[in-house]
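This is what each chain is made of:
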Amino acid sequence: MRLCCGGKKKHKKEASLQITNPVPDPDLPELERNHNFNFDLAVIGGGSGGLACAKEAVKFGAKVVVYDFVHPSPQNTTWGLGGTCLNVGCIPKKLMHSASIYGEVIEDAKRYGWATENKKHDWATLVENVQAHIKSQNWKLKIDLREKNVQYYNEYATFVDKNTIKSVNRRGQERTVTADKFVLAMGGRPNYPNIPGARDYAITSDDVFSLKYPPGKTLCVGASYISLECAGFLTGLGYDTTVMVRSILLRGFDRDCAEAVGRYMEDTGTRFLRPATVKNIECVKQPTDTTAPELKVFYELDGKEECEIFNTVLFAIGRTPLTDKINPEAIGLKYEKNGKVPVNDREQTNVPHVYAIGDIIDAPELTPLAIQVGRLLARRLYAGSSLLMDYVNVPTTVFTPLEYGSVGMSEATAIKKFGEDDIEVWHARHTPTEHTVRESPDLDKHNYVKLICVRSQKDKVVGFHYLGPNAG
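Cut-offs and rules
Residues numbered from 1 in each chain as written. Predicted model: local features only at pLDDT ≥ 70, side-chain atom pairs only at ≥ 80, totals over all residues. Heavy atoms only, no water. Helix = DSSP H or I, 4+ residues; strand = E, 2+ residues; numbered from the N terminus. Rg over C-alpha atoms; globule rule 2.2 N^0.38 Å. Buried < 20%, exposed > 50% of the residue type's maximum accessible area, 1.4 Å probe, protein only. Contact = heavy atoms within 4.5 Å. Areas by Shrake-Rupley, 256 points an atom, 1.4 Å probe, with all protein chains shown as cover. Lys, Arg positive; Asp, Glu negative; His and termini not counted. Charge placed at Lys NZ, Arg CZ, Asp CG, Glu CD. Patch = residues over 30% accessible without salt bridge, like charges linked within 9 Å, V, L, I, M, F, W, Y side chains within 5 Å. Salt bridge = Lys/Arg side-chain N within 4 Å of Asp/Glu carboxyl O. Pairing = 2+ DSSP bridges. Core = buried A, V, L, I, M, F, W, Y, C linked by side-chain atoms within 4.5 Å. Expected span 1.5 Å × (residues − 1). Polar contact = N/O pair within 3.5 Å; in protein donor to acceptor, adjacent residues only side chain to side chain. Axes fitted to C-alpha atoms, helices over the stretch in contact; angles between N-to-C directions. Phe/Tyr/Trp six-rings, centres within 6.5 Å; stacked < 30°, edge-to-face > 60°. Lys NZ or Arg CZ within 6 Å of the ring centre and 35° of its normal.

Asks: Describe the overall build of the protein, naming the residues involved and giving the relevant values.
Replies: Each helix and strand counted, the protein has 10 helices and 21 strands in total. Compactness check: the protein gives a C-alpha radius of gyration of 24 Å against a globular reference of 23 Å for 472 residues, within 12% of the reference. Counting only C-alpha atoms, the protein reaches 70 × 65 × 50 Å along its principal axes. Expressed as a percentage of its 472 residues, the buried residues of the protein come to 49%. Put simply, of all contacts in the protein between residues at least 6 apart along the chain, 64% involve residues at least 24 apart. Accessible surface for the protein amounts to roughly 23,300 Å². Of this, 51% is attributable to carbon and sulfur atoms. Both charge centroids of the protein, one from 59 positive and one from 58 negative side chains, sit 5 Å from each other.

Shown next, in the form of structure tokens:
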């Protein structure tokens, strides 16, 4: 039995849709064309990178079409235009992180003279307002595409041949379109483990930001930044939250900083189980529109079999690009077993007129980066630019309760590249002035800054890491 049941309606196949080309803007420059296809550029994926590329391309006279379609999650969650970041990623995550921080501020405010006796959080209000903001942005994106003369199809696109796409909408209507060039920007979706009950009863980041009922006692499975961020704001909102970790926290980040994030979370109420893995999930009590289910979770902790009741189980154990969903074999597109598409320094795939950007390539999975990559690609394709994206030293932030911002190398990476004897590490604890009269001043022992330098290069800084408030 599924956690949430929402069946798909069956529709008879209707007549194929007609192609409606965007109205050209007379103020745009004329683009020289050497083809007879419907569009100059077809973008598959309406996330940050794909939309940025499409909107930039039309500035230089290109005729552009964007396809975006979201298949429901196993718990029947779906969303609108804008991709992962807007709908089920950066934006709702940051809003819920902010909500949890406000709870911390309320406690600190007492030391500043504020009377804050009735601290109580309402999950339904938070979700309603977060979703209202997202839907307003979905609408603005559609209007923006229309005003910029980008054709948008809310349809599932797959390749037919090297220049042809077939798309299908929710009613089963089909459309065939041809294009000169293609940009793949489909992004990815969360992974589920192959264990009993996972897809039936657990959720992922696809679902948590629109969850109708308060999550209650929650188990976050995984040590990724997504898992720790979700666990952090759930703890901050007052929910009994546990993180299940198989090995290390925040793989790929600096070890000192990653473990400091974990210690801070433990000190502020998040429980950790490590090393541990989930084996099975059973539903004891079904959810309602306002109450969470009861789930019996069987897991192995340090070699011992354990069992515990949770209300919500959230898997954050990685994501897989949607490369295999677009019929890549039809054009001979090469991609790795993990779904990543190999590209050259121009984001060009093994198929010369097909490009790939965003989370489906081997690059930092960051929205600002995808936006810049998309814009630069459009300028190279249609404006004669030669500027390439520089993927080195891209800053990033993890919005855990103790925020973590970094740019450059971790200490381990620097040692591997330059050798331990050539590395100088400068580090310090710090206390922000506004925290000097906070409710729990001892928590500032976790605030930390770290500089990683190369001695032989006049102490050149190759890594900068900061733990503390406002790291973003």
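Asks: Outline a nonpolar patch on the surface, supporting the account with residue identities and numerical values.
Replies: Taken together, Tyr-112, Trp-114 and Val-437 make up a surface patch of nonpolar side chains, about 350 Å² in accessible area. Inspection of the secondary structure puts Val-437 in the loop between β19 (423-429) and β20 (448-454). Classification of Val-437 as partly exposed rests on a relative accessible area of 33%.

Asks: So what's going on with the pattern of salt bridges? Which residues, and what values?
Replies: The tally for this structure, following the rule as stated, stands at 23 salt bridges. Two residues, Asp-206 and Arg-189, come together in a salt bridge whose shortest N-O distance is 2.9 Å. Linking Asp-206 in helix α6 (residues 205-208) with Arg-189 in strand β7 (residues 188-190), this pair joins segments that are 17 residues apart in sequence. Classification of Arg-189 as buried rests on a relative accessible area of 16%.

Asks: Any chance you could break down the pairing of strand β13 (residues 304-310) for me, citing the residues and the numbers?
Replies: Pairing analysis gives seven bridges linking strand β12 (residues 294-301) to β13, with the strands arranged antiparallel. Bridged to Glu-300 within β13 is Glu-305. Following β12, the chain reverses through two residues before pairing antiparallel with β13; Asp-302 in that reversal takes a positive phi of roughly 55°.

Asks: Tell me about the nonpolar core, residues and numbers included.
Replies: Judged by nonpolar contacts, the single largest core of 75 residues is most densely connected at Val-64 and Trp-123. The residues touching Trp-123, leaving out its near neighbours within four places in the chain, are Met-96, Val-208, Leu-211, Lys-212, Tyr-213, Pro-214, Pro-215, Leu-234, Leu-237 and Tyr-239. Within the second largest apolar cluster, 24 residues are counted, among which are Phe-39, Met-186, Ile-360 and Ala-363.

Asks: Mind laying out helix α4 (residues 123-147), listing which residues take part and the relevant values?
Replies: An ideal rise of 1.5 Å per residue puts 36 Å on 25 residues; α4 measures up with 36 Å between its terminal C-alpha atoms. All of the buried residues in α4 are Trp-123, Leu-126, Val-127, Val-130, Gln-131, Ile-134, Asn-138, Leu-141, Asp-144 and Leu-145. For α4, the elements touching its buried residues are α1 (48-58), α2 (83-88), α3 (90-109), β3 (151-153), α6 and α7 (225-236). Of the residues trailing α4, Asn-149 is marked for its positive phi of about 65°.

Asks: Could you give me a rundown of helix α8 (residues 255-267), with the residues and numbers involved?
Replies: Residues spaced three or four apart along an α-helix point in a common direction, a consequence of the helix completing one turn every 3.6 residues. If you check α8, its first and last C-alpha atoms are 18 Å apart, about what 13 residues at 1.5 Å a residue would give, namely 18 Å. Considered for burial, the residues of α8 that qualify are Cys-257, Ala-258, Ala-260, Val-261, Gly-262, Tyr-264 and Met-265. Here the buried face of α8 lies against α3, α7, β10 (271-273), β18 (404-408), β20 and β21 (460-467). Looking at where α8 begins, the residue whose side-chain oxygen comes 3.2 Å from the main-chain nitrogen of Asp-256 is Asp-254. In the stretch just after α8, Gly-269 is the one whose phi turns positive, near 115°.

Asks: So what's going on with the sheet that holds strand β11 (residues 276-285)? Residues and values would help.
Replies: Read from one edge to the other, the open sheet built from three strands follows the order β11-β12-β13, with strand pairing classed as antiparallel. The sheet is open, and its two edges are formed by β11 and β13, each paired on a single side. Averaged over all adjacent pairs, the angle separating strand axes in this sheet is 20°, with direction ignored. The pairing of β11 with β12 spans eight bridges and is antiparallel. Bridge pairing links Val-278 to Tyr-299 in β12.

Asks: I'd like a description of the packing of aromatic side chains, backed by residues and values.
Replies: How two aromatic rings sit relative to each other is given by the distance of their centres and the angle of their planes. Within the structure shown, the criterion is met by seven aromatic pairs. A centroid spacing of 5.7 Å and a plane angle of 50° characterise the contact between Tyr-67 and Tyr-153, whose relative ring orientation is tilted. Of the two residues, Tyr-67 sits in strand β2 (residues 64-67) while Tyr-153 sits in strand β3, which places them 86 residues apart along the sequence. Here Tyr-67 and Tyr-153 have matching classes, each one buried. Taking NZ or CZ as reference, Arg-170 lies 4.5 Å from the ring centre of Phe-69, over its face. Sitting over the ring of Tyr-153, Arg-175 keeps its end group 3.7 Å from the ring centre.

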